[in-house]
Amino acid sequence: MSTVSALAKQRTPIRPARVLLHTFLALTALAWLAPLLWAVFSAMRPYSETSEHGYLSWPHTLNFDNFKNAFTQSDMTHYFMNTLVIAVPAVLITLFLSSMVAFYVSRFDFRVNLALLLVFTAGNLLPQQVIITPLYRMYLLTNLPGITASGKLYDSALGLVLIHVAFQSGFCAFVLANYMRSLPHELTEAALVDGASVWRLYWQITLPLCKPAMAALATLLSIWIYNDFFWALVLISTGENMPITSALNNLSGQYFTDPNLVAAGSLLTAIPTLIVYFVLQKQFVSGLTLGSAKG
């Protein structure tokens, strides 16, 4: 009993500042979750009920009919496949190319290292809307007979893959270069002494050590490319070739749109990004906290 009482006395009293901090964090989390919870609530109610009683009324019917209708009416399976054809190659190619650039500028001492990294990073500073007109013209003039279904770079999955790779490589190269600089140079020097080639230094020694950073970038890239709407809207003209973000247009009629049905479709399209995040959650968090404990 004396030990228990001693431990009770040693407990730190709850301070008002800590209570206020936790209250603020709880309210902030609730504010972020409120739109999602409201979308779920609306998606589970039929439109006839909300149009009669309003969205702030107590629900009389809650079911998953809107989710079923949204999945079938928008033909989401087809658009999911379109998105996979775009997102998977774009993520893999971006990580591969940006890691090669980061390896060059971080593990070798050349005068143009910093300038090369700045060129890749500067691409992210250019607004997409500024280059859309010349890029649109270039896509129309680029003929790819036998490679794409349209015969051009325009209106093809290849065109979207290339633009995503071009726009995302700068950010990934910058992150990976900073991470590779934190790796011990003794690893590279020892491998060079043992006769390892440059490719082996990159592929078998440096790249395996970058798995946390690569996983974090893969998570971000998957979400960004999956949620892209601007490039698909401008560079794709055929409805069947559009990604999943454009499939929601199939739920909107010319004279009437069911908001509850659109909410259900929006929630369905968000499921793959949640799966990617939860699968790579540990690697994503560890990648974001790399270097936080270093002096």
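Chains are numbered independently. Their residues run from 1 in the order of the written sequence. Local features are withheld for residues below a pLDDT of 70 in this predicted model, meaning they are given only at 70 or higher, and side-chain atom pairs are given and counted only at 80 or more; totals for whole chains, interfaces and linings count all residues. Here the side-chain values reflect all heavy atoms present in the structure, with hydrogen atoms and water set aside.

## Structural notes on the overall build of the protein chain
Piece 1. Within the protein chain one finds 14 helices and zero strands.
Piece 2. Secondary structure counts use DSSP, requiring at least four H or I residues in a row for a helix and at least two E residues in a row for a strand, with both numbered from the N terminus. Taken from N to C terminus, the helices and strands of the protein chain fall in the order α-α-α-α-α-α-α-α-α-α-α-α-α-α.
Piece 3. Oriented by its inertia axes, the alpha-carbon framework of the protein chain measures out at about 85 × 75 × 30 Å.
Piece 4. Each residue is placed in one exposure class: buried if its accessible area under a 1.4 Å probe, protein chains only, is under 20% of its type's maximum, exposed if it is over 50%, and partly exposed if it falls in between. A burial count over the protein chain gives 36% of its 295 residues as buried.
Piece 5. In what follows, residue pairs with any heavy atoms lying within 4.5 Å of each other are defined as contacts. In the protein chain, 71% of the contacts between residues at least 6 apart in sequence involve partners at least 24 apart.
Piece 6. Surface accessibility in these figures is a Shrake-Rupley result with a 1.4 Å probe; residues are shielded only by whichever protein chains are displayed. Of the roughly 18,100 Å² of accessible surface on the protein chain, a fraction of 69% belongs to carbon and sulfur atoms.

## A closer look at the pattern of salt bridges
Piece 1. A carboxyl oxygen of Asp or Glu within 4 Å of a side-chain nitrogen of Lys or Arg is what we treat as a salt bridge. For the coordinates displayed, the defined rule picks out one salt bridge.
Piece 2. Residue E49 is joined to R45 by a salt bridge in which the shortest nitrogen-to-oxygen separation is 2.8 Å.
Piece 3. Exposure remark for R45: the relative accessible area of 0% places this residue in the buried category.

## What about the packing of helix α5 (residues 76-107) against helix α11 (residues 211-226)?
Piece 1. Closest axis-to-axis distance for the α5/α11 pair is 9 Å, and the angle between their directions is 140 degrees. In terms of their interaxial angle, α5 and α11 are classed as oblique. The hand of the α5/α11 crossing is right-handed. For the pair formed by α5 and α11, the contact residues are F80, T83, A87, A90, V91, T94, L95 and S99 on the first element and M214, L217, A218, L221, S222, I225 and Y226 on the second. Only the stretch in contact is used when a helix axis is fitted, and all axes are lines through C-alpha atoms; the angle between N-to-C directions ranges over 0 to 180 degrees. An angle counts as roughly parallel when it lies under 35 degrees, as roughly antiparallel when it exceeds 145, as roughly perpendicular when it falls between 65 and 115, and as oblique in every other case. Crossing handedness is defined as follows: a turn of the near helix away from the far one that is anticlockwise and smaller than a right angle gives a left-handed crossing, while the clockwise case is right-handed.

## Topic: the side chain of T148
Piece 1. Following the sequence through the fold, T148 ends up in the loop between α7 (128-141) and α8 (157-181).
Piece 2. Apart from the residues within four sequence positions on either side, T148 is in contact with S156 and L158.

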